[in-house]
Amino acid sequence: VIQLPPVSSFKDYLSRLQPWEADLLSDLHEHTDSHLLQNALTTASTIYIVSDGGAKEHYGSFGFVIALDHDVLWHGKGVARGHPIHSFRAESYGRLASLRFIFQYLRYHHIDMHPECTIKAFTDSKSLIQREEKESEWLDYYPSACLKADQDVLRLIKETRDDLPCNTDCTH
């Protein structure tokens, strides 16, 4: 059995996730002291997430920012994967990456999120918000739903939102 050395940092932790998630969270940048995000998650704060994505020809990319009222805390960016790649999928990747970041941040730091902490997530994609709302109504997935375009990313967004111990308000 090969034993990996102990995790030395949050970025080291992220690099050891499953390949799809390590790739999703591979280009992150912290803007301030990490204690600001930790403090916000453990108090009745509002955390703002703004995500975006775009595609041109056969390439897609995404980005997101995590902030408080007056401080940008983190930003991330990456390549939106899949075929065919289009704007909706890239937008979905931005949303997924931002939510997975929060999920893994809580997990790595062993944070019990305050019950009144709220995440307000913004996107300029009305169609993404509409698909998320429709998906949130489903108690289970049925076979034909799994055949819809971008269902893999949408399902991961739903599962992540369900796993987060707070209210996630997604708006346009």
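Above this note sits the structure.
Undergrad: Could you clarify how one ought to interpret the sheet that holds strand S1 (residues 28–30) in this entry?
TA: One key point about sheets: their strands pair by backbone hydrogen bonds, in either a parallel or an antiparallel sense. Judged by pairing direction, the sheet is mixed, and its six strands sit side by side in the order S1-S4-S3-S2-S5-S6 without closing on themselves. Looking at which strands have only one partner, the edges of the open sheet turn out to be S1 and strand S6 (167–171). Strand-to-strand, the axes of this sheet are offset by a mean angle of 15°, without reference to chain direction. Alignment of strand S2 (residues 46–56) against strand S5 (residues 118–122), held across five bridges, turns out to be parallel. Counted as the bridge partner of Val-50 is Phe-122 from S5.

Undergrad: What is the right way to read helix H6 (residues 151–163) from this model?
TA: Given 3.6 residues to a turn, an α-helix orients residues that are three or four positions apart in the same direction. Compared with the 18 Å implied by 1.5 Å per residue over 13 residues, the 18 Å span of H6 between its first and last C-alpha is a close match. For H6, the full list of buried residues reads Gln-151, Val-153, Leu-154, Ile-157, Lys-158 and Thr-160.

Undergrad: Explain the environment of Leu-41 here, please?
TA: Along the chain, the position of Leu-41 falls in helix H3 (residues 35–41). Given a relative accessible area of 0%, Leu-41 falls into the buried group. Sequence separation of Leu-41 and Ile-111 is 70 residues, and the distance between their C-alpha atoms is 7.7 Å. Excluding its chain neighbours within four sequence positions, the residues that come into contact with Leu-41 are Ile-47, Tyr-105, Leu-106, Ile-111, Asp-112, Met-113, His-114 and Cys-117.

Undergrad: Just to check I follow, could you spell out the nonpolar core for this structure?
TA: Most often, soluble globular proteins keep nonpolar side chains buried together rather than apart. Grouped together as the largest cluster of nonpolar side chains are 43 residues, with contacts concentrated most on Leu-37, Leu-41, Ile-47, Ile-66, Trp-74 and Phe-101. Contributing elements (two or more residues each) for this core: helix H1 (10–15), H3, S2, strand S3 (59–67), strand S4 (72–79), helix H4 (87–109), S5 and H6. Broken down by element, this core gets its largest block of residues, 11 residues, from H4. Apart from residues no more than four positions distant in its own chain, Leu-37 is found in contact with Ile-47, Ile-66, Leu-73, Trp-74, Phe-101 and Tyr-105.

Undergrad: Can you help me understand the packing of aromatic side chains in this one?
TA: The geometry of an aromatic ring pair is captured by the separation of the ring centres together with the interplanar angle, meaning the angle of the planes. Applying the stated criterion to the full structure yields 12 aromatic pairs. Ring centres of Trp-74 and Phe-101 lie 5.0 Å apart, and the angle between their planes is 55°; on these two criteria the pair is classed as tilted. A residue pair is termed long-range when its members are at least 10 positions apart, and Trp-74 in strand S4 and Phe-101 in helix H4 qualify at 27 residues. Judged by relative accessible area, which is 4%, Trp-74 ranks as buried.

Undergrad: Which parts of the structure should I look at to understand the state of the cysteines?
TA: Two cysteines joined by a covalent bond between their sulfur atoms form a disulfide. Taken as a whole, this structure holds zero disulfides when the rule is applied. Here Cys-117 stays unpaired: no disulfide links it, and the sulfur of Cys-166, its closest cysteine neighbor, is 5.9 Å away. On the basis of relative accessible area, Cys-166 is assigned to the buried category, the value being 14%.

Rules behind the numbers
- Residues numbered from 1 in each chain as written.
- Predicted model: local features only at pLDDT ≥ 70, side-chain atom pairs only at ≥ 80, totals over all residues.
- Heavy atoms only, no water.
- Pairing = 2+ DSSP bridges.
- Helix = DSSP H or I, 4+ residues; strand = E, 2+ residues; numbered from the N terminus.
- Axes fitted to C-alpha atoms, helices over the stretch in contact; angles between N-to-C directions.
- Expected span 1.5 Å × (residues − 1).
- Buried < 20%, exposed > 50% of the residue type's maximum accessible area, 1.4 Å probe, protein only.
- Contact = heavy atoms within 4.5 Å.
- Core = buried A, V, L, I, M, F, W, Y, C linked by side-chain atoms within 4.5 Å.
- Phe/Tyr/Trp six-rings, centres within 6.5 Å; stacked < 30°, edge-to-face > 60°.
- Disulfide = S-S within 2.5 Å.

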